[in-house]
Each structure stands twice: as C-alpha cells, then as structure tokens.
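Here's the letter readout for the chains.
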Amino acid sequence: MSALAAALLLAPASAAPALPTLVLSLQDEHTLIVPDTRTLGCDDPENVTGSHPRRERACAAIDEVDGDFTKLPATVGTNCPMIYDPVTARAKGRYKGKRVDFEFVYANHCVAVAESNDVFRW
C-alpha cells in the first residue's frame with residue numbers, strides 16, 4: 001500500500017454536510033391538495049439548512065423555545081383578517097436530537113404565521 005493510500009485511510013473523514021431535520025407544512029382544510037412543505041435544519045447554528053426561505057429567522061424562533069412549537073410566541077403587531085379558512089400547520093422530525101411532532105389547526109394562514117412567530121411564513 002502506498003504512503004498516500006495509507007494516509008487517506010487513516011485521515012478522519014470530513015464532516016458530512018448537515019441535512020435538514022425538520023419538515024414543516026401548511027395544508028388548507030378545504031381542499032385535498034398536497035401540503036405546502038419546507039425543510040429546516042437548525043442543529044448547527046453555523047450551518048442552518050433546508051428549503052425554508054427564512055431559515056435563520058425560523059431557527060432563531062425555534063431556538064428561543066428549545067424546539068417546543070407549542071411555546072412559540074405570537075408575532076407582535078400582526079393584524080389578521082377575521083376570516084375562517086383553517087390551515088393545519090405541522091412540524092415533524094428532530095430538533096437537536098429531540099423528536100418533534102407538532103400539529104395545530106389555525107383559523108387562517110395569516111394566523112398560522114403570526115401565532116408561530118413567523119416559523120410558518122414562506
């Protein structure tokens with residue numbers, strides 16, 4: 001075995017890129033469409049991942065409540081229409097090693113965004 005081959009075998013494997021560990025979705029209650037889904041990885045604050053367009057903001061909000069979606073505070077100053085058009089918000093997966101299985105029906109999309117501290121805004 002060459003010295004280069006031996007060195008490669010003994011060298012530590014580089015860290016694999018962090019993969020998103022949460023799947024967030026919103027689904028309209030009146031139609032049977034596929035939920036609008038985004039992924040989010042908050043385990044490494046230096047490398048926030050996923051398809052969520054506001055990854056850093058969403059992870060910061062989730063970090064503030066240590067991954068407990070039931071404790072997300074409402075966004076202050078948001079005025080939502082009083083129209084009942086329910087949406088189901090879901091978060092499933094893992095957050096810093098802890099299992100997440102959140103589901104809640106909000107009165108409408110605006111309320112889902114506001115009452116989740118913008119976590120379900122995309």
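Details of the structure are given in the entry above.
Calculation rules
- Residues numbered from 1 in each chain as written.
- Predicted model: local features only at pLDDT ≥ 70, side-chain atom pairs only at ≥ 80, totals over all residues.
- Heavy atoms only, no water.
- Phe/Tyr/Trp six-rings, centres within 6.5 Å; stacked < 30°, edge-to-face > 60°.
- Helix = DSSP H or I, 4+ residues; strand = E, 2+ residues; numbered from the N terminus.
- Buried < 20%, exposed > 50% of the residue type's maximum accessible area, 1.4 Å probe, protein only.
- Pairing = 2+ DSSP bridges.
- Axes fitted to C-alpha atoms, helices over the stretch in contact; angles between N-to-C directions.
- Contact = heavy atoms within 4.5 Å.
- Disulfide = S-S within 2.5 Å.
- Arc of directions from axis to C-beta.

Here we come to the packing of aromatic side chains. In total, this model carries five aromatic pairs according to the counting rule given. When the centroid spacing of 6.4 Å and the interplanar angle of 25 degrees are considered together, the rings of F102 and F120 count as stacked. Highlighted residues: F102 in strand 4 (residues 98-106) and F120 in the segment after helix 3 (109-115), separated in sequence by 18 residues. Per residue, the accessibility class of F102 equals that of F120, and both read buried. With centroids separated by 6.2 Å and ring planes inclined at 55 degrees, the aromatic side chains of F120 and W122 adopt a geometry described as tilted. With a relative accessible area of 0%, F120 lands in the buried category. Site record: aromatic cluster; members linked through ring pairs are F69, F102, F120 and W122.

With respect to topology, four strands assemble into an open sheet ordered 2-1-3-4, the strand pairing being antiparallel. Unpaired on one side and paired on the other, strand 2 (36-40) and strand 4 mark the two borders of the sheet. Strand-to-strand twist in this sheet, taken as the mean axis angle between neighbours without regard to direction, amounts to 10 degrees. Here nine bridges tie strand 3 (residues 87-95) to strand 4, and the two strands are oriented antiparallel to one another. Bridge assignment links G93 to a residue of strand 4, and that residue is V100. Across the sheet, helix 2 (residues 55-64) touches strand 1 (22-28), strand 2 and strand 3, and the angle it forms with strand 2 is around 75 degrees.

Attention shifts here to the state of the cysteines. When the sulfur atoms of two cysteines share a covalent bond, that bond is a disulfide. If you walk through the whole model with that rule in mind, you get two disulfides. Through a disulfide, C80 is tied to C110; the S-S separation comes to 2.1 Å. Residues C80 and C110 are joined through a disulfide that is left-handed, its torsion about the S-S bond being -75 degrees. Of this pair, C80 sits in the loop between helix 2 and strand 3 while C110 sits in helix 3, and the two are 30 residues apart along the sequence. Judged by relative accessible area, which is 24%, C80 ranks as partly exposed. Disulfide connectivity for the protein chain, with bonded cysteines indexed by sequence position, reads 1-2, 3-4.

This paragraph deals with helix 2. Taken together, the buried positions of helix 2 are occupied by A58, C59, A61 and I62. All buried residues of helix 2 fall inside an arc of 160 degrees around its axis, so they share one side. In helix 2, the exposed positions that point more than 90 degrees away from the buried face belong to E56 and E64. In the stretch just after helix 2, D66 is the one whose phi turns positive, near 50 degrees.

The analysis is restricted to geometry; functional conclusions fall outside its scope.
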